[in-house]
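# Structure assessment
Single-letter residue listing:
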Amino acid sequence: MAVSMDLPATAELVAERKARRAVVEDRFFYGLTLASATFVVIMLLGVMVALIVGAWPALSTFGPAFIITERWNPVKEIFGALAPIYGTIVTSLIAMVIGIPVSFGIAIFLTELCPQPLRRPIGIAIELLAGIPSIIYGLWGFFILAPFLQTTIQPFLIATLGNVPVIGILFGGAPYGIGLFTAGIVLAIMVLPFITSITRDVFLTVPVMLRESAYGLGMTTWEVVRSIVIPYSRIGLVGGIMLGLGRALGETMAVTFVIGNSHNISASLLAPATTISATIANEFSEATGDLYTSSLIALGLILFVITFGVLAIAKWLLARTAIKV
Amino acid sequence: MASYARRRASNTIALSLSMVATVIGLFFLAAILVTLLLRGGLAISPKIFAENTPPPGSDGGLLNAIFGSLAMTALAVVFATPIGILAGTYLTEYSRGSKLGEVAKFINDILLSAPSIIIGLFIYTLLVVPFGHFSAWAGAAALGLIALPVINRTTQDMLGLVPNSLREAAAALGTPKWKTMTHVIYRAARSGILTGVLLAIARVTGETAPLLFTALNNQFWSTDLGAPMANLPVVIFQFAMSPYDDWQRLAWGGALIITVAILALNIVARLLSNIGTSK
Amino acid sequence: MKHVNLAIAAGFTAMLSVSAASAADISGAGSTFIYPVFAKWADTYKTNTGIGLNYQSIGSGGGIKQVEAKTVTFGATDKPLGDDELTQQGLVQFPMVEGGIVPIYNIDGIKPGELVLDGKTLAGIFLGTITKWDDPAIKALNASLKLPSAAIVVVHRSDGSGTTFNFTDYLSKNSDDWKSKIGSDTAVEWPVGVGAKGSEGVANTVKQTAGGIGYDEYAYAAQNSLSYAKMVNAAGKVVEPSLDSFTSAAANADWANATNFRIIITNQPGDGSWPIAASTWVLIHAKPDDAAAAGEALKFFDWAYKNGKDQAKALDYVAIPDPVVALIEKSWSAIVGPDGKPIYAVTQ
């Protein structure tokens, strides 16, 4: 009789203990996940703090003039970010000017024209471009693209467009092979897959009803794309472009091989130049003196701010189109 | 009102141009892969996997570089995977809709797309300067920090795909939340999360810039994690920019090895996610 | 399956914990000028003694930085440090080897050694005032050559380089224009041209770029079949880069009277002297943190001075003459261990 009275009580105790332990374990697990998520946030904040702290000596020495000074003299310790900033912006612009039309073309092809069985393979092939590491692009750009451009395209451009007044300045100078133009082309190829895949996804969000109605009215495929699909998805399109731009701005290895490493700003697109990341990659390991190192970190800070801004805008735009990117 | 013929003509032109664009894209892909195969193929021999990087003007292999890359990538994955999965878990399971969660997701995506050279600079100030020397640990940390947001993001996406019915069923059975996660949800999203890890490895394999200021390079065989360690990307960079034919050949060989590894990882990842979704 | 995984993991960890013979290797960084001969010496030294030389060829600027930051045991630089910097950083400086810097070019149809240049023309090319290969100034020195009307692509160093220092020093001595506008140092504000990293990068870029001209240590040109130019020296004679012309230039160096062995040997007198000769110095701490590592490094340098002469000659470097080596090794008594005693006692 006594035994049967104990059993229910023990079972209850065991159950209670189990429940309490489960709460503790749950809280522990929750804490782990929260800590991990916070870790990511701390890392980014850490990056910002490290950059600001590292850049401070240079920024306080040169002030805001740092951004508009072209001179870069490690021996006299006079540094200016203008040449790297110029190179970064111009190469990215060239990449966008070439990359956006081609990406749009590919996306239009994949969504409108491509026969169904080919869509997946071609889509995958374009995405493979994204997987190729940037150092491979650098190798290919330096050993294959640059000599080709130097012997064929560049002399042609100099001889023809170089003589046209006004635009001529953009194509003047010697055919170096490497330089802003070559780097821009390599970057264009690198951002292709990013812009293409987002453009294609965004195109696919256009309601079938809208397109069918347009076709029903007798519009041609191109007219549907131009007047219905693109305007409807324009926010997402700009978001995709910004994402590609963010990638192009921060690209290091591909550009370092083919940019020409010159701290002079020249009007010609064929001239050698430098970008922020190429400057850091080339000069950081041998920067003697605190001011030199700090100036390079300051360049890194500028790059971080620019890409942060571009990426933030891209995410905001894409969030408004409910595209998962 | 534009004439029908003109509209048809502009249609044909536009669509032809789109086809041209696709051909251009595919052409560059082919050009790069063919170059890699031709020039890198010349260097691939058993020697490349058996000997260390040679001094200029002599022949050799890439053994120490391959080992270094494998070691640092492995360490990076060991570090980034648990944190990435747990962080992704928090952002999907615990913080749905909360402001903090949205901010954390946003910051993760910024870290995901941040220039890798910035990560390298950060780790340099954190793990190289205080210790006074370059090290494989620093290199692994830099690679880990690049892999972390990738794993975090894919975990979020994959966990989001797991139907809520699973979670509700487990709760109805009285399962503690953590057990639900580890025994039910993770198992359901297993192939997706693994895909994420593979993609992170693929991403990290080709990274050069962050290693330039952290692990640097080492021309000899070394397993010392506290010292500079050879790695494929930096070796390729150094060898490619030299005038020595032997070195350049090895650089292309290394480039081919990296690309094949990344493509293989991508294919496996794709196959895995197909298996996962077809279940 | 589980056992296989465990085995792999165990093997991997075992490999990682074995910190091989790399601990004894000598670490150095710096000048790309001296790298070819360092690499040759290191190879032989390793076969003889089992101790390797881990030398990072990152340019003189990098070498100075790394040795001052104490991340390497010694640095190598083609630009000697001033007395102030040496005292401030607690460094000892001594020359290791001498050699020649040559202009290298890539011109269609012009073979190695055919092109003749002089200081003033070279300065004009690097200033950007001479832009085509068939410029009258170049034609005047090369009456017999058929020069194409191609653009000149200037290639210079993008990193801090002692080779740049010696080259710009030579240009400054031969062109007032260059001296006033640009000057000479390890890194200058190049008015034109593309930058390449290291002597290796310059050689490679010139090789890849039609119409390119750069400057490099002679070994890089010889080893990679690059075209090098003959120069008109201070005595007005046309000389070829060779061990003889380098030796002739180096012969004028008065090492005994140079504080901290600081002598620049560009534009030296002598009919057979190569005009752009240079030396490379080693920098090492007077009170190194790791006395054993410093000792190993000094042992290597001593071996190189005594046994490495032939290999240096084969690469067209001029070995430091024995009397000077004696002076150098005497100066090593300033390199002391924690007990204040010289680390390296030269056994003669």
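Computed from a predicted structure; not experimentally measured.

## Here's the deal with the overall build of chain A
- When you go through chain A residue by residue, the secondary structure sums to eleven helices and zero strands.
- Counting from the amino terminus, helix and strand elements in chain A follow one another as α-α-α-α-α-α-α-α-α-α-α.
- The C-alpha atoms of chain A give 27 Å as radius of gyration, which overshoots the globular expectation for 325 residues (20 Å, by more than 25%).
- Seen through its principal axes, chain A has C-alpha atoms that stretch 110 × 70 × 35 Å.
- Counting all 325 residues of chain A, 56% fall into the buried class.
- Contacts spanning at least 24 positions in sequence make up 74% of the contacts within chain A whose residues lie at least 6 apart.
- Taken as a whole, chain A presents about 13500 Å² of accessible surface, with 73% of it coming from carbon and sulfur.

## Notes on the interface of chain B and chain A
- Taken residue by residue, the interface counts 75 residues in chain B and 72 residues in chain A.
- A buried area of about 6800 Å², summed over both sides, lies between chain B and chain A, and 82% of it is on carbon and sulfur atoms.
- Seen at the junction of chain B and chain A, the total is three salt bridges.
- Residue Asp-109 of chain B pairs with Lys-315 of chain A through a salt bridge whose shortest N-O separation is 2.8 Å.
- Between the two partners, chain B and chain A, sit ten residue pairs in polar contact (both at pLDDT 80 or more).
- Ranked by residue count, the leading element in the side of chain B that touches chain A is helix α1 (residues 4-41) of chain B, at 19 residues.
- Class assignment for the residues of the side of chain B that touches chain A results in 50 nonpolar, 18 polar and seven charged.

## Here we look at a nonpolar patch on the surface
- Among the surface-exposed residues, Leu-161, Val-164, Val-166, Ile-167 and Leu-170 of chain A lie close enough to one another that they form a single nonpolar patch of about 380 Å² accessible area.
- You can see Val-164 of chain A is positioned in the loop between α4 (134-159) and α5 (180-204).

## Quick word on the sheet that holds strand β5 (residues 116-117) of chain C
Residues and elements named next belong to chain C.
- Taken in spatial order, the three strands of this open sheet run β5-β10-β11, and their pairing is mixed. Since the sheet does not close on itself, it has two edges, and those belong to β5 and β11 (238-239), each with one partner.
- Here β5 pairs with strand β10 (residues 230-232) via two bridges, running parallel. Residue pairing across strands places Val-116 opposite Lys-230, the latter belonging to β10.

## Concerning the packing of helix α2 (residues 82-113) of chain A against helix α3 (residues 116-131) of chain A
Residue and element names in this part refer to chain A.
- At a closest axis distance of 10 Å, the pairing of α2 and α3 adopts a crossing angle of 165 degrees. By the angle class used here, α2 and α3 are roughly antiparallel. Crossing handedness for the pair α2 and α3: left-handed. Contacts between α2 and α3 involve Ile-106, Phe-109, Leu-110, Thr-111 and Glu-112 from the former and Arg-119, Ile-122, Gly-123 and Ile-126 from the latter.
- Here the residues of the contact of α2 with α3 sort into five nonpolar, two polar and two charged.

## Examining the confidence of the model for chain A
- The predicted model of chain A averages 88 in pLDDT, with 96% of residues at 70 or higher.
- Per-element confidence in chain A is highest for α2 of chain A, whose mean pLDDT is 94, and lowest for helix α1 (residues 2-62) of chain A, whose mean pLDDT is 86.

## Topic: the interface of chain C and chain A
- Each side of the interface is counted separately: chain C has 30 residues, and chain A has 26 residues.
- Around 2100 Å² of area is buried between chain C and chain A when both sides are counted, 49% of it from carbon and sulfur atoms.
- Sorting the residues of chain C by area buried against chain A places Lys-65, Glu-189 and Gln-208 of chain C first, and these three jointly supply 28% of that buried surface.
- Salt-bridge contacts for Glu-189 of chain C lead to Arg-71 of chain A; the nearest nitrogen and oxygen are separated by 2.6 Å.
- One can count eight residue pairs in polar contact (both at pLDDT 80 or more) joining chain C with chain A.
- Contributions of two or more residues to the side of chain C that touches chain A are made by α3 (60-68), β6 (153-157), β7 (194-196) and α9 (198-208) of chain C.
- At five residues, α3 of chain C tops the list of elements feeding residues into the side of chain C that touches chain A.
- When the residues that make up the side of chain C that touches chain A are grouped by side-chain class, the tally is twelve nonpolar, 13 polar and five charged.

## Overview of α4 of chain A
- Between its first and last C-alpha, α4 of chain A extends only 32 Å over 26 residues, short of the 38 Å set by a 1.5 Å rise per residue.
- Along its length, α4 of chain A reaches its greatest deviation from straightness, about 50 degrees, at Gln-150 of chain A.

## So, the pattern of salt bridges
- If you walk through the whole model with that rule in mind, you get 29 salt bridges over all chains.
- Glu-16 of chain A is the salt-bridge partner of Arg-20 of chain A, the closest N and O atoms lying 2.7 Å from each other. Of the two residues, Arg-20 of chain A and Glu-16 of chain A are both situated in helix α1; the distance of four residues between them amounts to about one turn of the helix.
- Within the structure, one salt-bridge network assembled from shared partners comprises Lys-315 of chain A together with Asp-109, Arg-153 and Asp-157 of chain B.

## A look at the pairing of strand β4 (residues 91-106) of chain C
Residues and elements named next belong to chain C.
- Summarising burial for β4: 15 of the 16 residues are buried, a large majority.
- As defined by bridge partners, β4 adjoins strand β13 (residues 318-319) across two bridges and the pair is classed as antiparallel. The partner of Val-97 across the bridge, within β13, is Ala-319.
- The pairing of β4 with strand β8 (residues 212-217) spans six bridges and is classified as antiparallel. Bridge pairing in β8 places Pro-103 opposite Tyr-215.

## Thoughts on the environment of Tyr-186 of chain B
- With respect to the helices, strands and loops of the structure, Tyr-186 of chain B is situated in helix α8 (residues 177-188).
- C-alpha of Tyr-186 of chain B to C-alpha of Asn-164 of chain B: the two residues are 22 residues apart in sequence and 13 Å apart in space.

## What to know about the environment of Val-258 of chain A
- With respect to the secondary-structure elements, Val-258 of chain A resides in helix α9 (residues 253-258).
- Considered as a pair, Val-258 of chain A and Leu-139 of chain A are 119 residues apart in the sequence and their alpha carbons are 8.8 Å apart.

## What to know about the environment of Asp-159 of chain C
- Mapping Asp-159 of chain C onto the fold places it in the loop between β6 and α7 (162-174).
- In this structure Asp-159 of chain C comes out as buried when scored by relative accessible area, which is 2%.
- Placed 67 residues apart in sequence, Asp-159 of chain C and Val-92 of chain C show a C-alpha to C-alpha distance of 24 Å.
- What Asp-159 of chain C contacts, discounting residues up to four positions off in sequence, is Glu-286 of chain A together with Ile-58, Gly-59, Thr-186, Ala-196, Lys-197 and Gly-198 of chain C.
- A polar atom in the side chain of Asp-159 of chain C sits 3.2 Å from the backbone nitrogen of Gly-198 of chain C.

## What about the nonpolar core?
All names here are of chain C.
- In terms of nonpolar packing, the biggest core is built from 298 residues, with Phe-38, Phe-94, Leu-115 and Phe-301 touching the most fellow members.
- The residues touching Leu-115, leaving out its near neighbours within four places in the chain, are Tyr-105, Ile-107, Ile-110, Trp-133, Ile-138, Asn-142, Leu-145, Leu-147, Ala-229 and Lys-230.
- Listed in part, the nine residues of the second largest apolar core include Ile-64, Val-67, Leu-81 and Leu-91.

## Details of the packing of α4 of chain A against α5 of chain A
All names here are of chain A.
- Remark: α4 packs on α5, axes separated minimally by 9 Å, with the N-to-C direction vectors making an angle of 130 degrees. If you check the angle between α4 and α5, you find them oblique. Considering the relative orientation of α4 and α5, their crossing is right-handed. Contacts between α4 and α5 involve Ser-134, Tyr-137, Trp-140, Gly-141, Leu-145, Ala-146, Leu-149, Ile-153, Gln-154 and Leu-157 from the former and Phe-181, Thr-182, Ile-185, Val-186, Ile-189 and Met-190 from the latter.
- Within the contact of α4 with α5, the residues separate by chemical class into twelve nonpolar, four polar and no charged.

What counts and how
Residues numbered from 1 in each chain as written. Chains lettered and ligands numbered in written order. Predicted model: local features only at pLDDT ≥ 70, side-chain atom pairs only at ≥ 80, totals over all residues. Heavy atoms only, no water. Helix = DSSP H or I, 4+ residues; strand = E, 2+ residues; numbered from the N terminus. Rg over C-alpha atoms; globule rule 2.2 N^0.38 Å. Buried < 20%, exposed > 50% of the residue type's maximum accessible area, 1.4 Å probe, protein only. Contact = heavy atoms within 4.5 Å. Areas by Shrake-Rupley, 256 points an atom, 1.4 Å probe, with all protein chains shown as cover. Buried area = accessible area lost by both parts, 1.4 Å probe. Salt bridge = Lys/Arg side-chain N within 4 Å of Asp/Glu carboxyl O. Polar contact = N/O pair within 3.5 Å; in protein donor to acceptor, adjacent residues only side chain to side chain. Nonpolar A, V, L, I, M, F, W, Y, C, P; charged D, E, K, R; others polar. Patch = residues over 30% accessible without salt bridge, like charges linked within 9 Å, V, L, I, M, F, W, Y side chains within 5 Å. Pairing = 2+ DSSP bridges. Axes fitted to C-alpha atoms, helices over the stretch in contact; angles between N-to-C directions. Parallel < 35°, antiparallel > 145°, perpendicular 65-115°, else oblique. Left-handed = near helix turned anticlockwise from the far one by under 90°. pLDDT = per-residue confidence, 0-100. Expected span 1.5 Å × (residues − 1). Bend = angle between axes of the 7 residues up to and from the residue. Core = buried A, V, L, I, M, F, W, Y, C linked by side-chain atoms within 4.5 Å.

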